[in-house]
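Chain and residue survey
What follows is each chain in one-letter form.
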Amino acid sequence: MTVHIPLGVIVSDSLPTGRTPSIRDVARLAGVSHQTVSRVLNSHPSIRESTRLRVQQVIDELQYRPSSAARALVKGQSRTIGVLSALSAEYGPASSIAAIQDAAREAGYFVNTANLSRGEPSSIQAAVDHLMYQSVEGIVVIAPQVRVIEAIEKLAIAVPYVTLQSTSGEGKHVLSVDQIAGARVATRHLIDLGHRNIYHLAGPQDWIEAEARMRGFLEEMGANDVPTTAPILGDWTADFGYYAGRELLRVRDFTAIFSSNDQMALGLMHAIRDAGLDIPRDVSIVGFDDIPEAAHFWPPLTTVRQDFAELGRRCVALLLANITGSLNEASSSPLIPELVVRSSTAAPAW
């Protein structure tokens, strides 16, 4: 005998405590087949309105959520994309992941993330395999290190993928942020203020972002016939910025420093103030990234801002265009960072 559940009847007590409701539970309590529940979930036009309302009432009461795996079996689609990330604790990768998750959710997709603790090919292959086991339809690779990108390009990845890189480049597999242009605009700002003795505190070797920002600094200095000294390789941390600042102040043959990220800039500012000097009167500082705290450094930090929200939208759009075969609908042109001028830079006093 078919049992109909009137609208408004509480049905949550009809399940064993602690068990997640299934599609068959919904069907049983709504007095329909599980195929009918599936049709309701997929907005099939053949379902009568009274049936749809009855099934939906049970779904809402049970707080039933269809699994992505079940939908993948029915539709051949998981509505899930994977994110493969190296060193996701750093500000740039972490912000990129958050932006991709937001953009994917707006597009109706789930996101599964696999973090790379090591850059060896075997570790990368294992991370890709982990995502493939989740039935992802495509993969975003956030890999700021050269060796990771090189390893990815050698893999035969069975689904569409996009690498979020930090150098200029276009194509169906690449979305880039023009870090060279960002570094050049930061360096040009210091030159336009009148600085000619400018140091560059770079990021770690093998990081694509660090290499691109260093290249942008050197290109802009050369284009303006400003003598350069060898960039100092750092590690992205404020501690290293403080150490480098103390060492540089032993000579003090500079009036400005372009730091490859905001955290090292913070350490530099600490060292300069500890030495009894003023920012920007004695030394101007420019950072990169515009982390949320940068506006609250003392003085507020002039820096280069990356639009991570737009980056996430474009990245997801490019990946979905790859998945659907509509590449003309997504832009893969590089994003250009923006200089944000605050109080940490001024004309040199000497």
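Further up the page is the structure itself.
So, a few notes on the structure that sits alongside this text. Since the structure is predicted, the reported quantities are computational estimates derived from the model, not experimental observations. (Residues numbered from 1 in each chain as written. Predicted model: local features only at pLDDT ≥ 70, side-chain atom pairs only at ≥ 80, totals over all residues. Heavy atoms only, no water.)

Some remarks on the overall build of the chain
Across its full length, the chain carries twelve helices and eleven strands. In the chain, the share of contacts with a sequence separation of at least 24, taken over all contacts with a separation of at least 6, comes to 71%. Looking at the chain as shown, the accessible area adds up to about 16800 Å², and 50% of this sits on carbon and sulfur atoms. (Helix = DSSP H or I, 4+ residues; strand = E, 2+ residues; numbered from the N terminus. Contact = heavy atoms within 4.5 Å. Areas by Shrake-Rupley, 256 points an atom, 1.4 Å probe, with all protein chains shown as cover.)

Brief notes about the pattern of salt bridges
All told, the structure shown has 17 salt bridges when counted by the stated rule. For R184, the salt bridge identified is with E219, shortest N-O distance 3.3 Å. Of the two residues, R184 sits in helix α8 (residues 179–192) while E219 sits in helix α9 (residues 208–223), which places them 35 residues apart along the sequence. Through salt bridges with shared partners, a single network forms among R184, R188, R215, E219 and E220. (Salt bridge = Lys/Arg side-chain N within 4 Å of Asp/Glu carboxyl O.)

Looking at the environment of G312
By the secondary structure assignment, G312 is in helix α12 (residues 308–324). The exposure class assigned to G312 is buried, which follows from its relative accessible area of 1%. Separated by 214 residues in sequence, G312 and A98 place their C-alpha atoms 7.9 Å apart. Not counting chain neighbours up to four residues away, the residues in contact with G312 comprise A99, I100 and A103. (Buried < 20%, exposed > 50% of the residue type's maximum accessible area, 1.4 Å probe, protein only.)

Section: the packing of α8 against α9
Each packed pair of helices is defined by two parameters, the angle between the axes and the distance between the axes. Two elements in contact, α8 and α9, have axes whose closest approach is 7 Å; the angle formed by their N-to-C orientations is 40°. With respect to α9, the axis of α8 lies oblique. You can see that α8 and α9 cross each other, and the crossing is right-handed. Residues Q179, I180, A183, R184, T187, R188 and I191 of α8 touch α9, and the partners they reach there are E209, A212, R213, R215, G216, F217, E219, E220, M221 and A223. Taken together, the residues of the contact of α8 with α9 break down into seven nonpolar, three polar and seven charged. (Axes fitted to C-alpha atoms, helices over the stretch in contact; angles between N-to-C directions. Parallel < 35°, antiparallel > 145°, perpendicular 65-115°, else oblique. Left-handed = near helix turned anticlockwise from the far one by under 90°. Nonpolar A, V, L, I, M, F, W, Y, C, P; charged D, E, K, R; others polar.)

Observations regarding the packing of helix α1 (residues 23–30) against helix α3 (residues 49–62)
Remark: α1 packs on α3, axes separated minimally by 9 Å, with the N-to-C direction vectors making an angle of 125°. Viewed along their axes, α1 and α3 adopt a mutual orientation that is oblique. Pair α1 / α3 crosses with right-handed handedness. The residues of α3 that touch α1, namely those facing D25, V26, L29 and A30, are R54, V55, V58, I59 and L62. In the contact of α1 with α3, the residues fall into seven nonpolar, no polar and two charged.

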